Amino acid sequence: MKVLVPVKRVIDYNVRPRVKPDGTGVDLANVKMAMNPFCEISIEEAVRLKEKGVATEIVVVSIGPQQAQETIRVGLAMGGDRGILVQTDQTVEPLAVAKILKAIVDAEQPGLVITGKQAIDDDANQTGQMLAALLGWPQGTFASEIVKDGDKLKVTREVDGGLQTVALNLPAVVTTDLRLNEPRFASLPNIMKAKQKKIDMKTPADYGVDIAPRLAVVKVAEPRKREAGEKVADVDTLISKLKTAGAI
Ligand code: AMP
């Protein structure tokens, strides 16, 4: 079974985002970028499926600027077989990403697509679901366990207050949650080997997808600054302070 893993290049999760002074977005100038953490989990899961003999080939796809090639290379160093970069310097909204991915699925015919549950830059949580809808495929979102069971894929989903297990007909789309696995670090020999792996270069026009934005970001704001804490003498004082502040 061929597995397609879309990976997004985003601001590194260790970096504290700074909002641009005019409030139009996050300042990405000279900021460290990395693979979206949920996409690392997707790659890891695909590699584990290959190690179990369930997956036969892992295709790593990214839609983004030229530098997204580095993100694909990380996926190839972790165990991906080949890459596809759909190059554009424009912002590509989840619907357009899903349309491009659908065109790639039509061409590649994978048995499974594993996306992250969300990209930590736009926090959209939309692409996997939209892709499943465009393809008319079943979807298992927020996966914390994936098991191939005969001709079905059993996906355990993290739902509010518990777990739900669903059995999907294949082909299917799965989106990964945090507890699915712990992604491996790519070893130096694998990083070197990944340099030889093939990355096909494409553009959104190659897939006939119009990536013009459908929405405008009106405003981005920093979270409110946390006020400094205060030490109180005892529990009674704490309760009376909380009461005065209207917190209880
Ligand atoms: P989102 O819907 O934007 O929160 O993203 C969810 C998932 O969709 C990500 O974890 C990726 O697997 C995939 N995805 C979103 N944008 C891109 C992109 N530009 N290139 C490749 N994959 C993407």
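A brief structural summary.

How each quantity is defined
Residues numbered from 1 in each chain as written. Predicted model: local features only at pLDDT ≥ 70, side-chain atom pairs only at ≥ 80, totals over all residues. Heavy atoms only, no water. Helix = DSSP H or I, 4+ residues; strand = E, 2+ residues; numbered from the N terminus. Buried < 20%, exposed > 50% of the residue type's maximum accessible area, 1.4 Å probe, protein only. Contact = heavy atoms within 4.5 Å. Areas by Shrake-Rupley, 256 points an atom, 1.4 Å probe, with all protein chains shown as cover. Pairing = 2+ DSSP bridges. 1 Å grid on protein atoms, 1.4 Å probe; cavity = no way out; pocket = protein on both sides within 12 Å on 5 of 7 lines; lining within 4 Å. Points joined across faces, edges and corners; volume = space filled by probe spheres on them. Nonpolar A, V, L, I, M, F, W, Y, C, P; charged D, E, K, R; others polar. Salt bridge = Lys/Arg side-chain N within 4 Å of Asp/Glu carboxyl O.

Here we look at the overall build of the chain
Move 1: Per the secondary structure count, the chain includes six helices and eleven strands.
Move 2: On the principal axes, the C-alpha backbone points of the chain span a range of 65 × 45 × 40 Å.
Move 3: Taken over 248 residues, the chain has a buried fraction of 41%.
Move 4: Within the chain, contacts between residues at least 6 apart in sequence are counted, and of these 70% link residues at least 24 apart.
Move 5: Per element, the accessible surface of the chain, about 14000 Å² overall, is 53% carbon and sulfur.

Focus: the pairing of strand β6 (residues 112-116)
Move 1: Counted residue by residue, β6 has five buried out of five residues, so it is predominantly covered.
Move 2: Burial along β6 is two-sided: Leu112, Ile114 and Gly116 facing one way and Val113 and Thr115 facing the other are all buried.
Move 3: Judged from the five bridges that link them, β6 and strand β10 (residues 172-176) form a sheet pairing that is parallel. Residue pairing for β10: glycine 116 is matched across the bridge by threonine 176.

A short note on the layout of surface pockets
Move 1: Roughly 690 Å³ of volume is contained in the second largest pocket.
Move 2: Looking at the second largest pocket, it is lined by 27 residues, and the ones nearest its centre are Met35, Glu40, Val74, Met78 and Phe185.
Move 3: Of all the secondary structure elements, the ones that give two or more residues to the lining of the second largest pocket are β3 (33-35), α1 (37-51), α2 (68-78) and α5 (188-194).
Move 4: With six residues, the single largest contributor to the lining of the second largest pocket is α2.
Move 5: Counted by class, the lining of the second largest pocket contains 15 nonpolar, three polar and nine charged residues.

Quick look at unusual backbone geometry
Move 1: With omega at 0°, the peptide bond leading from leucine 170 into proline 171 counts as cis.
Move 2: Its location among the elements puts proline 171 in the loop between β9 (162-169) and β10.
Move 3: The phi angle at asparagine 30 is positive, at roughly 55°, despite the residue not being glycine.
Move 4: Structurally, asparagine 30 can be placed in the loop between β2 (9-11) and β3.

Remarks on the pairing of β9
Move 1: Pairing of strand β8 (residues 152-159) with β9, which is carried by eight bridges, proceeds in the antiparallel orientation. Bridge pairing in β9 links arginine 157 to glutamine 164.
Move 2: Where β8 folds back on β9, the antiparallel hairpin that results is connected by two residues, among which glycine 161 adopts a positive phi of roughly 75°.

Some words on α2
Move 1: The buried fraction of α2 is high, at eight of eleven residues.
Move 2: Inspection of α2 places Ala68, Gln69, Thr71, Ile72, Gly75, Leu76, Ala77 and Met78 among the buried residues, and these make up the whole buried set.
Move 3: Looking one or two places after α2, you find glycine 79, whose phi comes out positive at around 140°.

What to know about the pattern of salt bridges
Move 1: Throughout the structure, instances matching the rule amount to 19 salt bridges.
Move 2: For aspartate 177, the salt bridge goes to lysine 117, with nearest N and O atoms at 3.2 Å. Residue aspartate 177 is found in the loop between β10 and α5, and its partner lysine 117 is found in the loop between β6 and α4 (127-135); the two are separated by 60 residues along the sequence. The residues aspartate 177 and lysine 117 share a single accessibility class, namely buried.
Move 3: Taken together, the salt bridges that share partners define one network made up of Lys2, Glu57, Arg82 and Glu108.

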